[in-house]
Amino acid sequence: MISWREQLREAILDYRYLLDRGYGSKPSLDLITGRYGLSREERLLLFRCIHPEEEVLRIREKVGLVEPLVVDGFNVGLSLVNAWSGEQLFLCDDNFVRDLGLGKRKGDSRLLDALVTVGELLISLGLEFRIVLDSQVSMSGELASRLRVMGFNVSVVSKADKEVITSRGTSLTSDFVILRKSARVFDVVSLMVDRFMVNRILDLVD
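The structure reproduced in this document is the subject of the present report. The model shown is predicted, which means the values in this text are computed figures rather than measured ones.

## Describing the pattern of salt bridges
In step 1: A full pass over the atoms with the stated rule returns 11 salt bridges.
In step 2: A salt bridge links Glu-6 to Arg-9; the nearest nitrogen and oxygen atoms lie 2.8 Å apart. Of this pair, Glu-6 and Arg-9 both sit in helix α1 (residues 6-20), 3 residues apart, which is roughly one turn of the helix.
In step 3: For Glu-6, a relative accessible area of 44% puts it in the partly exposed group.
In step 4: The residue Glu-10 makes a salt bridge to Arg-9 at a minimum N-O spacing of 2.7 Å.

## Side note on the packing of helix α6 (residues 110-124) against helix α7 (residues 140-149)
In step 1: Closest axis-to-axis distance for the α6/α7 pair is 11 Å, and the angle between their directions is 40°. What the angle tells us is that α6 and α7 run oblique. Of the two elements, α6 crosses α7, and the hand of that crossing is right-handed. In this structure, α6 uses Leu-111, Leu-112, Leu-115 and Val-116 to contact α7, whose residues at the interface are Leu-143, Arg-146 and Leu-147.

## Focus: the sheet that holds strand β4 (residues 129-134)
Note on sheets: strands pair through backbone hydrogen bonds, and any given pair is parallel or antiparallel.
In step 1: The 5 strands are arranged β5-β4-β1-β6-β7 in an open sheet whose pairing can be described as parallel. In the strand order of this sheet, the two ends are held by β5 (154-157) and β7 (185-186), each with one partner.
In step 2: Here strand β6 (residues 170-172) pairs with β7 via 2 bridges, running parallel. Across the sheet, the residue bridging to Ser-171 is Val-185, located in β7.
In step 3: Against the sheet, α7 contacts β4 and β5, and its axis sits at roughly 165° relative to β5.

## Structural notes on the pairing of strand β1 (residues 69-72)
In step 1: Taking every second residue as pointing to the same face, both faces of β1 are buried, with Leu-69 and Val-71 on one and Val-70 and Asp-72 on the other.
In step 2: The pairing of β1 with β4 spans 4 bridges and is parallel. Within the sheet, the bridge partner assigned to Val-71 lies in β4 and is Ile-131.
In step 3: Inspection of the sheet shows β1 paired to β6 by 3 bridges, in the parallel sense. Residue pairing for β6: Val-71 is matched across the bridge by Leu-172.

## Quick word on the state of the cysteines
In step 1: All chains considered together, the criterion is met by 1 disulfide.
In step 2: With a sulfur-sulfur separation of 2.2 Å, Cys-49 is cross-linked through a disulfide to Cys-92. You can see Cys-49 sitting in helix α3 (residues 40-49) and its partner Cys-92 sitting in the loop between β2 (89-91) and β3 (97-98), a full 43 residues away along the chain. The same class applies to Cys-49 as to Cys-92, namely buried.

## Concerning the environment of Leu-69
In step 1: With respect to the element layout, Leu-69 can be found in strand β1.
In step 2: Residue classification places Leu-69 among the buried residues on the basis of a relative accessible area of 0%.
In step 3: Along the sequence, Leu-69 and Asp-93 sit 24 residues apart, while their C-alpha atoms lie 23 Å from each other.
In step 4: If we ignore the near neighbours within four places in the chain, the residues touching Leu-69 are Leu-122, Leu-127, Glu-128, Phe-129, Arg-130, Thr-170 and Leu-172.

## Section: α7
In step 1: Those residues of α7 that fall on the buried side of the exposure criterion are Ser-140, Leu-143, Ala-144 and Leu-147. For α7, the angular spread of buried residues about the axis comes to 100°, placing them on one side.
In step 2: Residues of α7 that are buried sit in contact with α5 (73-84), α6, β4 and β5.
In step 3: Where α7 ends, the next residue or the one after it, Gly-151, has phi of about 95°, a positive value.

Definitions and cut-offs
- Residues numbered from 1 in each chain as written.
- Predicted model: local features only at pLDDT ≥ 70, side-chain atom pairs only at ≥ 80, totals over all residues.
- Heavy atoms only, no water.
- Salt bridge = Lys/Arg side-chain N within 4 Å of Asp/Glu carboxyl O.
- Helix = DSSP H or I, 4+ residues; strand = E, 2+ residues; numbered from the N terminus.
- Buried < 20%, exposed > 50% of the residue type's maximum accessible area, 1.4 Å probe, protein only.
- Axes fitted to C-alpha atoms, helices over the stretch in contact; angles between N-to-C directions.
- Parallel < 35°, antiparallel > 145°, perpendicular 65-115°, else oblique.
- Left-handed = near helix turned anticlockwise from the far one by under 90°.
- Contact = heavy atoms within 4.5 Å.
- Pairing = 2+ DSSP bridges.
- Disulfide = S-S within 2.5 Å.
- Arc of directions from axis to C-beta.

Structure (structure tokens):
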């Protein structure tokens, strides 16, 4: 559990400065971690949530809902499962909500419920969407089958990131690489949190 402290705030400012000056993330993280005595979780927080300002601005400019929507299934589903499990949520500098779970609950039975909840919300908003799952993740085929029985449009592919990036419409994900490469993006996890009060979000934008 990360607690806000002055050293962490200073670490974020210094890390962002180094990134904006063109320094790589790993050497910058090594320097900042040593300088401020960051914990493993605090170091991961910086890596996941703090990015070069130029890239952040580009992502913010691409936010919108242009149909069809392409849901990065495991990314979105696991974010919600982690929130249900009490994991901390962070509003990162690109205005996307992330946790620090790193996919550790891919076998959680609640993943189906999470994707159904997301799907039902999108349906209630009258939005056309497709859920993309990575075939390399165990049980993805079974998960897709159960979602299809419920009437959802699901694709199981070997390269889910590429599928989400190259598909027409809007990418629903918090994966920074996908956000950088997609034409249009949207944070459905943040919408879920706002609608259902899933968990409290720590704002790192400022």
